[in-house]
Number of protein chains: 2
Amino acid sequence: MKYIEISSRNNDKIKYAAKLVSGAKERNEASLFVCEGLRLCCDAFYSGYRIRELYVTEEAVSKNGEKIESIANGAQSVYLISDGVKDKLSDTVNSQGVFVIAEMKHSQTPDISLGKKYIALDCVQNPQNLGAAARTAEALGIDALIVSGGCDIYNPKALRASMGSLLRIPIIKTDCLCGLIDDFNKMGGLSFSTVPDADARDITSLDFSSGALAVIGNEGNGVSDEVKAATSVLATIKMAGNAQSLNASSAAVITMWEMMK
Amino acid sequence: MKYIEISSRNNDKIKYAAKLVSGAKERNEASLFVCEGLRLCCDAFYSGYRIRELYVTEEAVSKNGEKIESIANGAQSVYLISDGVKDKLSDTVNSQGVFVIAEMKHSQTPDISLGKKYIALDCVQNPQNLGAAARTAEALGIDALIVSGGCDIYNPKALRASMGSLLRIPIIKTDCLCGLIDDFNKMGGLSFSTVPDADARDITSLDFSSGALAVIGNEGNGVSDEVKAATSVLATIKMAGNAQSLNASSAAVITMWEMMK
């Protein structure tokens, strides 16, 4: 493995990489993102993301040489970094000292099609919720996750919370969720917004056999009014207990389960 | 409101309260626990926990005088604390400056009975998972949460993650989960362990109409062997996707939903 050593936290490359870790704006402008940790770096590499740069500490190489070598072979450049540089790049408490800078994919899947099952996240901002939704979507076999423009799927916390699912599952990014829902409706697909209203349709009464597109809203405000208007059905999870206790993430799990089982 | 002022972080009462915040051993020996935050303190008070002591900052009183007055009227002692004392007691990033020390309840519910629905947590240690399970149990109307000896329901992080559900729902504490499962089996109840084994019974094929007791295992090891042996059925969640991505907390949500819907 041929590498270039970097020991200074003030190295320009490191300063730039640290900006990609912390800033969504920087990531989007450059169409680059950062993964931290061996598993996530492997997920990015084996899911077909182009690896621009690999940063590793000597300790990481001595512990996981073989896996790191695989990633290094696919990377454009490889850097051996000091512990100080590792700390500057790290977004975690116990860093493994393995980082990649990878290129975003812009069209990870083709357009939507009838018969498939989609989960759309309407302005879900919390990286933990985004990661959890992606993880459940992968487990249950959802065909693709649809995210609107503001949804930061390359956020390091979201990537980690998803355990790499965000890098493995098909994702459709759209700046116009309503337009995409309209298209699905016109094909004859069932689109629905999940809402906490007692007078909405019981989710267990819906027929998902021809595919469906379910919209999950954000923690605070739920599904936005324009998206609710675009979907053909408002659906709800009927509960025997205190409905206010069901959080957005659990509602998403139940919705996906009902669609997929 | 009559209160005693405490401004020193080294006050003996404050040092003791801080120990109750951080230590399960201290809490269990004293049968006392600490709630932080106005909502959680109200939950404890209105759920019938005896409030030994209330600690509030002047700022908290000026912002939420009325609610604090209600708790104060039910508390044995009320203390007005300085910001330094608040920081010493706090387990959160942005503390509201409201704390109570309350007495644990030891028998929060009567024994188990046929026809009811129970969730048992087998050695779930992570406070976030414990809190999330309690929250979903309350939302879906589970009759009681069963926790074995090692499960620390009065952990401040678990209480917060549960949004107070741990203080509001019936909880059965047992030092012998297997014995309790045996009792339920003998009554004719359906007990089952949730497992990730492909050859276990499909959870959707079980009949919950006479009540059920479901066991959820811990993140790392799942349900323990002796508990698996005690339950009458091993049940699993069949998935179309990558089953390894389903985390313990999502599995618990799906299990409770199937039992309760």
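Everything discussed here concerns the structure shown above.
A brief look at the structure comes next.

Looking now at the overall build of chain A. Helix and strand content of chain A: eleven helices and twelve strands. Over its C-alpha atoms chain A spans a radius of gyration of 20 Å, differing by no more than 12% from the 18 Å that the globule rule assigns to 261 residues. Overall, chain A is about 60 × 35 × 30 Å in size when its C-alpha atoms are taken along their principal axes. Taken across its 261 residues, chain A has 48% of its residues classed as buried. Considering only residue pairs separated by 6 or more positions, chain A has 79% of its internal contacts joining residues 24 or more positions apart.

Next up on the list: the nonpolar core. By size, the foremost hydrophobic cluster in this structure holds 174 residues, and its most contacted members are Val100 and Ile119 of chain A together with Val100 and Ile119 of chain B. Once you skip the residues sitting within four places of it in the chain, valine 100 of chain B turns out to touch Cys35, Cys41, Ala44, Ile51, Glu53, Leu54, Ile71 and Ala75 of chain B.

In this section: the interface of chain B and chain A. Residue-level contacts link 23 residues of chain B with 23 residues of chain A. Elements with a contribution of two residues or more to the side of chain B that touches chain A: helix H6 (127-140) and helix H11 (248-260) of chain B. Its residues placed into classes, the side of chain B that touches chain A shows eleven nonpolar, nine polar and three charged.

Right, let's talk about unusual backbone geometry for a bit. With a phi angle near 55 degrees, serine 31 of chain A is a residue other than glycine that sits in the positive phi range. With 12 C-beta atoms counted inside 10 Å, the residue serine 31 of chain A sits in the exposed group.

Next up on the list: the sheet that holds strand E8 (residues 171-174) of chain B. Backbone hydrogen bonds hold the strands of a sheet together, and the pairing may be parallel or antiparallel. Residues and elements named next belong to chain B. If you walk across this open sheet you meet the seven strands as E8-E7-E6-E11-E9-E12-E10, and the pairing is parallel. The sheet is open, and its two edges are formed by E8 and strand E10 (201-202), each paired on a single side. Pairing of E10 with strand E12 (residues 233-236) involves two bridges; the strand directions are parallel. Within the sheet, the bridge partner assigned to aspartate 202 lies in E12 and is threonine 236. Sheet strands touched by helix H9 (residues 177-187): strand E6 (117-121), strand E7 (144-148), E8, strand E9 (190-194) and strand E11 (212-216). Its angle to E9, the strand with the most contacts, is close to 140 degrees. Lying on the sheet, H11 is in contact with E6, E9 and E11; it crosses E11 at an angle near 175 degrees.

Structurally, arginine 135 of chain B is set in helix H6. With 25 C-beta atoms counted inside 10 Å, the residue arginine 135 of chain B sits in the buried group. When sequence neighbours within four positions are dropped, the list of residues in contact with arginine 135 of chain B reads Ser245 and Asn247 of chain A together with Ser162, Met163 and Ser165 of chain B.

All names here are of chain A. Note on placement: alanine 214 falls in strand E11 (residues 212-216). For alanine 214 and glutamine 76, which are 138 residues apart along the polypeptide, the C-alpha to C-alpha distance reads 39 Å. Contacts of alanine 214, omitting those with residues within four sequence positions, involve Ile119, Ala120, Phe192, Thr194, Thr255 and Met259.

Moving on: the packing of helix H6 (residues 127-140) of chain A against helix H11 (residues 248-260) of chain A. All names here are of chain A. Direction vectors running N to C along H6 and H11 enclose 20 degrees, while the axes themselves pass 10 Å from each other. With respect to H11, the element H6 is oriented roughly parallel. Remark: the crossing between H6 and H11 carries right-handed chirality. For the pair H6 and H11, the contacting residues are Asn129, Ala132, Ala133, Thr136, Ala137 and Leu140 in the first and Ala248, Ser249, Ala252, Val253, Met256, Trp257 and Met260 in the second. When grouped by side-chain class, the residues that make up the contact of H6 with H11 number ten nonpolar, three polar and no charged.

Put simply, the second copy of the chain is the first one after a rotation about an axis and a shift along it. When chain B is brought onto chain A, the operation consists of a screw motion whose angular component is 180 degrees and whose axial shift is 0.0 Å, with 0.0 Å RMSD remaining. Such a turn and shift between the copies fits a two-fold axis. Closest approach to the rotation axis among the C-alpha atoms of chain B is made by isoleucine 254 of chain B, whose C-alpha sits 3.2 Å away. The residues that chain B uses at the interface reappear at the interface of chain A in 100% of cases, marking a shared surface.

Residues and elements named next belong to chain B. Here glycine 37 shows up in the loop between strand E2 (32-36) and helix H3 (38-46). Looking at glycine 37, the number of C-beta atoms within 10 Å reads 23, which means it is buried. For the pair formed by glycine 37 and serine 90, sequence separation is 53 residues and the distance between their alpha carbons is 9.3 Å. Those residues in contact with glycine 37 that sit more than four places away from it in its chain are Gln96 and Val98.

Residues and elements named next belong to chain A. Two elements in contact, helix H3 (residues 38-46) and helix H4 (residues 58-74), have axes whose closest approach is 10 Å; the angle formed by their N-to-C orientations is 35 degrees. Taken as a pair, H3 and H4 cross one another with a handedness that is left-handed. Residues Leu38, Cys41, Cys42 and Phe45 of H3 form the contact with H4, whose participating residues are Asn64, Lys67, Ile71 and Gly74. Each residue belonging to the contact of H3 with H4 can be placed in one class, and the counts come to five nonpolar, two polar and one charged.

Residues and elements named next belong to chain A. The strand order across the open sheet formed by seven strands is E8-E7-E6-E11-E9-E12-E10, and the pairing between neighbours is parallel. Unpaired on one side and paired on the other, strand E8 (171-174) and strand E10 (201-202) mark the two borders of the sheet. In terms of strand pairing, strand E7 (residues 144-148) meets E8 through four bridges, oriented parallel. Considered in E8, the bridge of valine 147 is made with lysine 173.

Bringing H9 of chain B into the picture now. Side chains of residues three or four places apart in an α-helix project in the same direction, reflecting 3.6 residues per turn. Residue and element names in this part refer to chain B. Among all positions of H9, only Leu177, Leu180, Ile181 and Phe184 are buried. Around the axis of H9, the buried residues are gathered within 100 degrees of arc, so they sit on the same side. For H9, the exposed residues set more than 90 degrees away from the buried face come down to Gly179 and Lys186. Contacts from the buried residues of H9 go to E6, E7, E8, E9, E11 and helix H10 (225-230). Looking one or two residues past H9, glycine 188 carries a phi angle of roughly 100 degrees, positive in sign.

Calculation rules
Residues numbered from 1 in each chain as written. Chains lettered and ligands numbered in written order. Predicted model: local features only at pLDDT ≥ 70, side-chain atom pairs only at ≥ 80, totals over all residues. Helix = DSSP H or I, 4+ residues; strand = E, 2+ residues; numbered from the N terminus. Rg over C-alpha atoms; globule rule 2.2 N^0.38 Å. Buried ≥ 20, exposed ≤ 12 C-beta atoms within 10 Å, placed from the backbone. Contact = placed C-beta atoms within 7 Å. Core = buried A, V, L, I, M, F, W, Y, C linked by C-beta atoms within 7 Å. Nonpolar A, V, L, I, M, F, W, Y, C, P; charged D, E, K, R; others polar. Pairing = 2+ DSSP bridges. Axes fitted to C-alpha atoms, helices over the stretch in contact; angles between N-to-C directions. Parallel < 35°, antiparallel > 145°, perpendicular 65-115°, else oblique. Left-handed = near helix turned anticlockwise from the far one by under 90°. Least-squares fit on C-alpha atoms with pLDDT ≥ 70 in both. Arc of directions from axis to C-beta.

Functional significance is not addressed by these values, which are geometric in nature.
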